[in-house]
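# Architecture at a glance
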Amino acid sequence: MGEITELDDATVDYLVEEWEKREKSKPQAKKTNAVSNNGEPELPPQLAETSSKSTEEIMAELNKLPFFMNELTLQDGEERPEIEALKALAYEGEPDEVAENFKKQGNDRYKWKMYKDAVEFYTKGIDVGCGVEHIEAALYLNRAACNLELKNYRRCINDCKECLSRQPKNVKALFRAAKAYSSLEHFDDAKQVLDFAYSIDDKNLSVNALIKKVDEKIKYIEKLKEAKRQKEEEKMRVEEDLQHALGLRGITSIKSSYGTDTIGDAKLHLEDPHDIETQLIIPTIIIYPTTDEFDVVSEVGELSTPMELMELVMDRPEEYFQDGKHENFKPKKLEAYMETEDGGLVKVPKKGAINQVLMSQSPKIPLFDNILRIYFVPKTNSAGWIATWKRQDALDKRA
């Protein structure tokens, strides 16, 4: 199907005039006083033919005439030479006249907020390549306005550049480019363009209003950047204090393939982030190797004891200890073990503070990924479990 460009007023006037001439040349129907069978005056043949048709059918017929067409299209296989002639008329005349006509049609569409249609007309006007500076500048400027409304911000900026290449001091083009930059959150670019627009017309209300908004955005972003910078600095200070505290205690941490997913957001930290003498708070994984289970305690003070941890995690209903699997899991029947730096195991005192174990230099017991790993094993099963421990397997899990 072929689409036709909207006709300008001059073309329509010309075709209407030709239509009227053709109608006057037709033979005139003779007047008659004929009366129909029901006593009413008989209609002329043309009206009699349409009286039986619906409004839709009549409008469909009228739409076949060039002056009534609201859909100037060709049906498949339909030959309409008059339509092709009308289409050709849109490009008749000097290039500047054709371009100007397309601009006017684009302006009409823009007024009705038909931005996509307006873009098409402006583009056709540009494609004419009339070479008249002010017409081409207006076409690009108007298409930029449509692209701004359609949120095609980069196209808007490109159109403004084309306009400015023809009219370097076009404040509207500068304003629309700045608005597009602002919508893309390129506020520094928007400010630079607006400063130039202001130097041309410092009384322009739109330019001044946008300058105010962009300045506010730039200040807000600078404020966010400063807050982020301070947060990063604070984070670095906290990390430095933590490492200092670990160094003073002689506590080390080894990177491993054990992973940290199970502890969520829990992190090794000082009770007071800026006081290295306050208690270390350590995320802890408690492992029950004989049943292939584990518990996570996100915050364990370094002064806590393994017995306190046992009492915490084994505070369970009596049924838990009667299921045949956990009968020896009461704190008094459990032993605590930790992994050494060389891949071995060491039994740790149940009533001694955890930091005393971690600060011991022989054997050296580290944290893993800043997490405390401790094994709780029933006394009745400890010998068998220790016998299965392989030092090399433990070392292979180190990063």
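Preceding this section is the structure that the text describes.
A brief structural summary. These numbers were taken from a predicted model, which means no experiment stands behind them.

So, on to the overall build of the protein. Looking only at helices and strands, one finds 15 helices and 8 strands in the protein. Across the 399 residues that make up the protein, the buried fraction comes to 37%. A fraction of 60% describes how many contacts in the protein between residues 6 or more apart in sequence connect residues 24 or more apart. Of the roughly 25,100 Å² of accessible surface on the protein, a fraction of 50% belongs to carbon and sulfur atoms.

What follows concerns the nonpolar core. Counting 39 residues, the largest nonpolar core has L194, V207 and V214 as its most contacted members. Secondary structure elements with two or more residues in this core: helix 6 (115–128), helix 7 (133–149), helix 8 (153–166), helix 9 (171–183), helix 10 (187–200) and helix 11 (205–249). In this structure L194 touches A178, V207, L210, I211 and V214, once residues within four positions along its chain are discounted. Counting 32 residues, the second largest nonpolar core, distinct from the first, contains I251, I282, Y320 and F321.

Side chains of strand 6 (residues 345–348) alternate between two faces, with V346 and V348 buried and L345 and K347 left unburied. Note that strand 5 (residues 334–339) and strand 6 share 4 bridges and pair antiparallel. The residue bridging A336 from the neighbouring strand is V348, located in strand 6. What sits between strand 5 and strand 6 in their antiparallel hairpin is a turn of 5 residues, with G343 showing a positive phi close to 95°.

Moving on to unusual backbone geometry. The omega torsion of the bond from S362 to P363 falls at 0°, within 30 degrees of zero and hence cis. Look at D292: it is not a glycine, yet its phi comes out positive at around 55°. Topologically, D292 is positioned in the loop between strand 3 (280–288) and strand 4 (293–301).

Attention shifts here to the packing of helix 7 against helix 8. The contact between helix 7 and helix 8 brings their axes to 8 Å, and the two run at 160°. Put simply, helix 7 runs roughly antiparallel to helix 8. Here helix 7 and helix 8 pass one another in a crossing that is left-handed. For the pair helix 7 and helix 8, the contacting residues are E133, E136, A137, Y140, L141, R143, A144, N147 and L148 in the first and Y153, R155, C156, D159, C160, E162, C163 and R166 in the second. Taken together, the residues of the contact of helix 7 with helix 8 break down into 9 nonpolar, 1 polar and 7 charged.

What counts, and where the lines are drawn
- Residues numbered from 1 in each chain as written.
- Predicted model: local features only at pLDDT ≥ 70, side-chain atom pairs only at ≥ 80, totals over all residues.
- Heavy atoms only, no water.
- Helix = DSSP H or I, 4+ residues; strand = E, 2+ residues; numbered from the N terminus.
- Buried < 20%, exposed > 50% of the residue type's maximum accessible area, 1.4 Å probe, protein only.
- Contact = heavy atoms within 4.5 Å.
- Areas by Shrake-Rupley, 256 points an atom, 1.4 Å probe, with all protein chains shown as cover.
- Core = buried A, V, L, I, M, F, W, Y, C linked by side-chain atoms within 4.5 Å.
- Pairing = 2+ DSSP bridges.
- Axes fitted to C-alpha atoms, helices over the stretch in contact; angles between N-to-C directions.
- Parallel < 35°, antiparallel > 145°, perpendicular 65-115°, else oblique.
- Left-handed = near helix turned anticlockwise from the far one by under 90°.
- Nonpolar A, V, L, I, M, F, W, Y, C, P; charged D, E, K, R; others polar.

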